[in-house]
Amino acid sequence: MSDTPARLLKLLSLLQTPREWPGSELAERLGVSPRTIRRDVDRLRELDYPVLATMGAVGGYRLAAGKAMPPLLLDDEEAVAIAVGLRMAARTPVDGMEDASVRALAKLEQVLPSRLRYRVATLAAALVSMLTGNGPSVDPQHLTVLAGAVANRERLRFAYQAGDGSETGRLVEPYRLVAAGRRWYLLAYDNDRDDWRTFRVDRIGDPRPTGVRVPPREPPEQDAAAFVVDKLYSSAPTYEMLATLHLPADQVVRRLGTAPGDVQPIDEHSCLLHGRADTLEWLAARLLLLGCEFQVHEPPELPAYLRAAGARAIRAAGGPGEVDRLLADDRDVSTDSGGGVSVPPT
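What you see is a predicted model, and the numbers here were worked out from it, not measured in a lab.

Engineer: Would you mind going over the packing of helix H1 (residues 4-15) against helix H3 (residues 34-46) with me for this structure?
Structural biologist: Each packed pair of helices is defined by two parameters, the angle between the axes and the distance between the axes. Put simply, H1 and H3 touch, their axes get as near as 10 Å, and they point 80 degrees apart. In terms of axis orientation, H1 runs roughly perpendicular to H3. From H1, Thr4, Arg7, Leu8, Leu11 and Leu15 reach across to H3, where they touch Thr36, Asp40, Val41, Arg43 and Leu44. Broken down by class, the residue content of the contact of H1 with H3 amounts to 5 nonpolar, 2 polar and 3 charged.

Take a look at the structure:
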C-alpha cells in the first residue's frame, strides 16, 4: 500500500479494534515493512492520536483514549448497527441525549452508501422498541432532514397538521430541535407569518430543504428548550405539582433526571419536588417510580387519582378486602400544616 494517506486511514482503522497489534502483523496487513509501520505510528502521534507501544514478545501497538474523538472508521455491519440504534433512540429520546442522538444520526446517514441506507431503513421498520413511552411516533428520517436544515441554516418547506386536523404548507427557517416531555418539537421562524413558531415533529409531513441558506436570526430566547416548554405550558392546560418526598434530594435528581432547580432539600432525608405536566397520569407515574413515601400538596386532583389507581392495583392483586381497608384509612387521612394530603402506600 504505497498511498500514504490511505495507509494511515487503514492503520487507524486497525488500531481502533480493542487489542494489541504486533508491528509485524500490521506490516503484513498493510503490505509494508515494520520500519514503515513505525514511521506511520509517529505520523499518527503527530496528529494527536494517542498510539501506545509496548515492548517485548507480546507487545505491540494500540490506540488509547485521548483528548478528542478520532474519526471512526466503521465497516458495513458496524455502520448499520449504529444507525439502527440511533434511529431507535430518536424515536424514544433519552433525557440528556436526545439532541446528540439526532445530530449523530444526521451525520452518519449523510455519508452512508445507498446500499446501507436501504438496510438501515429495512431493519428499523422491522424493529419495535419496548421503551416506546406514551409519545407519538416520529419518523427518524424527518428528524435527520430537520437536523440538517438546522445545521445548514437552510429554509425548509413541509406540510403541517394542526391540532384541529387542518393542514397547511409552511416555509420556515429552522432554529432548533427540542425534545420536551414525550415529543419532539421544531422551533423555527415562519416566513409566511413573520413570527417564531413551535411545530410538533410528529405532525410534520414531507419536509424538503429548499437549498436557500439564510443568515441566522436572533432567537426569541437563548435557551430554545425553555422557550418551547414555556410556549407549550402557556397554550395547554397543565397541572402544577408540589410534593414532599421522603428521599434525599440527590437521589431524586438521579432517579428522575430532574433539573436541580425543581428539587429543594428539606433535610438530609427529604425534599420538596416541584413539577408540572399536562396529565395527572404523568405526575403520578413520576412519584410512584421513586419508590419512597410522599405527601402531595398540589394539585388537589392528584391524591384522588392516586387513591383510585392504588385501589385498581390492589384489586388486580386479588385483595378486595384491602381495598375496603384502604378506603377506610383514607377517610381518616388528615391534611398537614401545608394543606398536603398524605397518600398511604399501596
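Additional details are given in the paragraphs that follow.
Engineer: I'm lost on the nonpolar core in this one. Help?
Structural biologist: Most often, soluble globular proteins have nonpolar side chains that are buried together. In this structure, Leu245, Val252, Leu273, Leu287, Leu290 and Leu302 are the most contacted members of the largest nonpolar core, which totals 21 residues. Elements with a minimum of two residues in this core: strand E8 (239-245), helix H9 (249-256), strand E10 (270-277), helix H10 (280-289), strand E11 (294-298) and helix H11 (301-316). For this core, the leading source of residues is H10, giving 4 residues. Excluding anything up to four places from it in sequence, leucine 302 contacts Met241, Leu280, Leu283, Ala284, Leu287 and Val296. Val138, Tyr160, Leu186 and Phe199 belong to the second largest nonpolar core, which has 20 residues in total.

Engineer: Looking at this structure, how should I read helix H7 (residues 140-152)?
Structural biologist: Since the α-helix advances by 3.6 residues per turn, residues separated by three or four positions end up pointing in the same direction. Relative to the 18 Å expected for 13 residues at 1.5 Å per residue, H7 spans 18 Å between its end C-alpha atoms, a close match to the ideal helical length. Considered for burial, the residues of H7 that qualify are Pro140, His142, Leu143, Thr144, Val145, Leu146, Ala147, Ala149 and Val150. Residue arginine 153 follows H7 closely and has a positive phi angle near 50 degrees.

Engineer: What's the story with the pairing of strand E4 (residues 167-180) in this structure? I'm lost.
Structural biologist: Within a regular strand, the side chains alternate between the two sheet faces. Of the pairings in the sheet, the one linking strand E3 (residues 154-161) to E4 comprises 6 bridges and is antiparallel in character. By the bridge assignment for E4, tyrosine 160 is matched with threonine 168. Linking E3 to E4, which pair antiparallel, is a turn of 5 residues; within it glycine 165 sits at a positive phi near 95 degrees. Relative to strand E5 (residues 183-190), E4 runs antiparallel, the two sharing 8 bridges. Each bridged residue has a counterpart across the sheet, and for valine 172 the counterpart in E5 is aspartate 190.

Engineer: What is the right way to look at the sheet that holds strand E7 (residues 204-213) in this model?
Structural biologist: Within a sheet, adjacent strands bond to each other through the backbone by hydrogen bonds, running parallel or antiparallel. The 5 strands are arranged E6-E5-E4-E3-E7 in an open sheet whose pairing can be described as antiparallel. One side of each edge strand has no neighbouring strand; the edge strands of this open sheet are strand E6 (195-200) and E7. With strand direction ignored, the average angle separating the axes of adjacent strands in the sheet is 45 degrees. Here E5 pairs with E6 via 6 bridges, running antiparallel. Bridge assignment links tyrosine 189 to a residue of E6, and that residue is tryptophan 196.

Here is what the cut-offs are and how they apply
Every chain is numbered on its own, with residues counted from 1 as its sequence reads. With pLDDT at 70 or above as the cut-off, local features in this predicted model cover only qualifying residues; side-chain atom pairs require 80 or more to be listed or tallied, and sums for whole chains, interfaces and linings still use all residues. The basis for the side-chain values is all heavy atoms of the structure; hydrogens and waters are excluded. Comment: axis = line fitted to C-alpha atoms, over the contacting stretch for helices; angle = value between 0 and 180 degrees taken between N-to-C directions. Numbering goes from the N terminus for both helices and strands, where a helix is a DSSP run of H or I of at least four residues and a strand is a run of E of at least two. Convention used here: angles under 35 degrees read as roughly parallel, angles over 145 as roughly antiparallel, angles from 65 to 115 as roughly perpendicular, and any remaining angle as oblique. Two residues qualify as a contact provided that any one of their heavy atoms is within 4.5 Å of a heavy atom in the partner residue. Just so you know the grouping, Ala, Val, Leu, Ile, Met, Phe, Trp, Tyr, Cys and Pro go in nonpolar, Asp, Glu, Lys and Arg go in charged, and all remaining residues, Gly too, go in polar. Joining through side-chain atoms within 4.5 Å is the link that ties buried Ala, Val, Leu, Ile, Met, Phe, Trp, Tyr and Cys residues into a set, and such a set is a nonpolar core. Accessibility here uses a 1.4 Å probe with only protein chains present; expressed as a share of the type maximum, an area under 20% marks a residue as buried, one over 50% as exposed, and anything in between as partly exposed. The length a helix should cover is 1.5 Å for every residue beyond the first. Whether two strands pair comes down to DSSP finding at least two bridges between them.

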